[in-house]
Amino acid sequence: MSLAPGSGAGTKAFRHDRIATVLARFPVRSQTELAAHLAEEGVAVTQATLSRDLVELGAVKVRDGDRGLVYALPAEGGDRTPRSGVGQEVLDARLARWCEELLISAEASANLVVLRTPPGAAQFLASAVDHSVMPTLLGTIAGDDTVLVITRDPLGGDAVAARFLALARRTTPGEAEHDSENDPRDDPRNDPESEVDV
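What you see is a predicted model, and the numbers here were worked out from it, not measured in a lab. (Residues numbered from 1 in each chain as written. Predicted model: local features only at pLDDT ≥ 70, side-chain atom pairs only at ≥ 80, totals over all residues. Heavy atoms only, no water.)

## Let's talk about helix 2 (residues 31-40)
For helix 2, the full list of buried residues reads Q31, L34, H37 and L38. Taken down its axis, helix 2 places every buried residue within 120 degrees of arc, on the same side. When the buried face of helix 2 is taken as reference, the exposed residues oriented beyond 90 degrees from it are T32 and E40. Structurally, helix 2 contributes buried residues whose contacts are with helix 1 (12-25), helix 3 (47-57) and strand 2 (69-74). Downstream of helix 2 by one or two residues, G42 has phi in the positive range, about 85 degrees. (Buried < 20%, exposed > 50% of the residue type's maximum accessible area, 1.4 Å probe, protein only. Helix = DSSP H or I, 4+ residues; strand = E, 2+ residues; numbered from the N terminus. Arc of directions from axis to C-beta. Contact = heavy atoms within 4.5 Å.)

Here it is in structure tokens:
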């Protein structure tokens with residue numbers, strides 16, 4: 001991960017975010033191991049600061065099957081049960097499930113993707129996107145029924161929109177691009193050159 005100037009890399013909030021991200025992705029057994037993961041992401045931290053950060057975040061050690069004791073943070077929302085790191089396949093399955101259940105449409109413009117959901121569902125989908133660890137994304141902003149997804153690539157919106165539509169349909173992105181059944185761009189009524197009466 002490359003830290004850009006102005007990224008907030010030296011702030012406490014940034015450090016807490018990185019710690020939470022590492023603990024969600026990896027089973028971390030010690031502060032030394034956590035410091036090593038943070039160093040890989042360009043975050044240098046002393047043991048004393050890391051210890052304070054873990055207390056402030058509410059981190060606890062929980063038994064994680066055969067991996068022994070690992071650090072975990074309280075879960076989001078109403079269930080505050082601490083959760084240790086989950087695998088990428090679990091995160092991908094969660095995103096696919098939320099897309100399949102909630103995604104109504106996905107449209108792109110340059111590096112922006114607008115995802116539409118039923119009223120009140122955008123926060124759930126945005127959270128799944130944020131936790132899905134898609135390196136092509138900078139982040140999301142969610143309202144009531146709309147999620148704005150910002151991609152890193154200045155022209156990456158179309159590919160990301162196709163991926164979300166493919167997840168919603170449980171197809172590959174190539175198949176989603178050619179499925180004109182629900183694509184308003186393929187509707188002759190939307191083509192100014194078309195001779196179809198509306």
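Additional details are given in the paragraphs that follow.
## Observations regarding the pattern of salt bridges
Taken as a whole and assessed by the stated rule, the structure comprises 5 salt bridges. Between E56 and K12 there is a salt bridge, and its shortest N-O distance comes to 3.2 Å. With E56 in helix 3 and K12 in helix 1, this residue pair connects regions lying 44 residues apart in the sequence. With relative accessibility at 43%, the residue K12 sits in the partly exposed group. R29 serves as the salt-bridge partner of E33, at 4.0 Å between the closest nitrogen and oxygen. On the accessibility criterion, E33 (23% relative accessible area) is partly exposed. On the basis of relative accessible area, R29 is assigned to the partly exposed category, the value being 38%. In the salt-bridge network here, residues are joined through shared partners; they are D17, R18 and E41. (Salt bridge = Lys/Arg side-chain N within 4 Å of Asp/Glu carboxyl O.)

## Section: the confidence of the model for the protein
Parts of the model with low pLDDT should not have their predicted coordinates read in detail. The predicted model of the protein has a mean per-residue pLDDT of 80, with 74% of residues at 70 or higher. When mean pLDDT is taken per element in the protein, strand 5 (residues 112-116) scores highest with 97 and helix 7 (residues 173-178) scores lowest with 51. The low-confidence segment residues 1-6 (pLDDT under 50) makes 7 contacts with residues lying over four places distant or belonging to another chain. Between residues 176-185, whose pLDDT stays under 50, and residues either more than four places distant or in other chains, the model counts 10 contacts. (pLDDT = per-residue confidence, 0-100.)

## Structural notes on the packing of aromatic side chains
Applying the stated criterion across every chain, the model contains 1 aromatic pair. Taking 5.6 Å as the distance between ring centres and 15 degrees as the angle between the ring planes, the aromatic pair formed by W98 and F124 counts as stacked. A residue pair is termed long-range when its members are at least 10 positions apart, and W98 in helix 4 (residues 88-102) and F124 in helix 5 (residues 122-131) qualify at 26 residues. We classify F124 as partly exposed; its relative accessible area is 48%. It is K61 that lies over the ring of Y71; its NZ or CZ is 5.1 Å from the centre. Here the guanidinium or amino end of R97 rests over the ring plane of W98, the centre of that ring lying 4.9 Å away. (Phe/Tyr/Trp six-rings, centres within 6.5 Å; stacked < 30°, edge-to-face > 60°. Lys NZ or Arg CZ within 6 Å of the ring centre and 35° of its normal.)

## Let's talk about the nonpolar core
Counting 25 residues, the largest nonpolar core has L95, C99, L103, L115, L125, V149 and F164 as its most contacted members. Counting only elements with at least two residues in this core, the list comes to helix 4, strand 5, helix 5, strand 7 (146-151) and helix 6 (157-169). Considering each element in turn, this core owes the most residues, 6 residues, to helix 6. Residue contacts for V149: discarding those within four places in its chain leaves N111, L112, V113, L115, L137, G139, T140, V160 and F164. In this structure, L34, L38, V45 and L54 belong to the second largest nonpolar core, which totals 14 residues. (Core = buried A, V, L, I, M, F, W, Y, C linked by side-chain atoms within 4.5 Å.)

## Focus on the packing of helix 1 against helix 2
Where helix 1 meets helix 2, the axes come as close as 10 Å, and the angle between the chain directions of the two elements is 110 degrees. The angle between helix 1 and helix 2 places the two elements in the roughly perpendicular class. Seen along the crossing, helix 1 lies across helix 2 with a hand that is right-handed. Across the interface between the two elements, R18, I19, V22 and L23 from helix 1 touch L34, H37 and L38 from helix 2. In the contact of helix 1 with helix 2, the residues fall into 5 nonpolar, 1 polar and 1 charged. (Axes fitted to C-alpha atoms, helices over the stretch in contact; angles between N-to-C directions. Parallel < 35°, antiparallel > 145°, perpendicular 65-115°, else oblique. Left-handed = near helix turned anticlockwise from the far one by under 90°. Nonpolar A, V, L, I, M, F, W, Y, C, P; charged D, E, K, R; others polar.)

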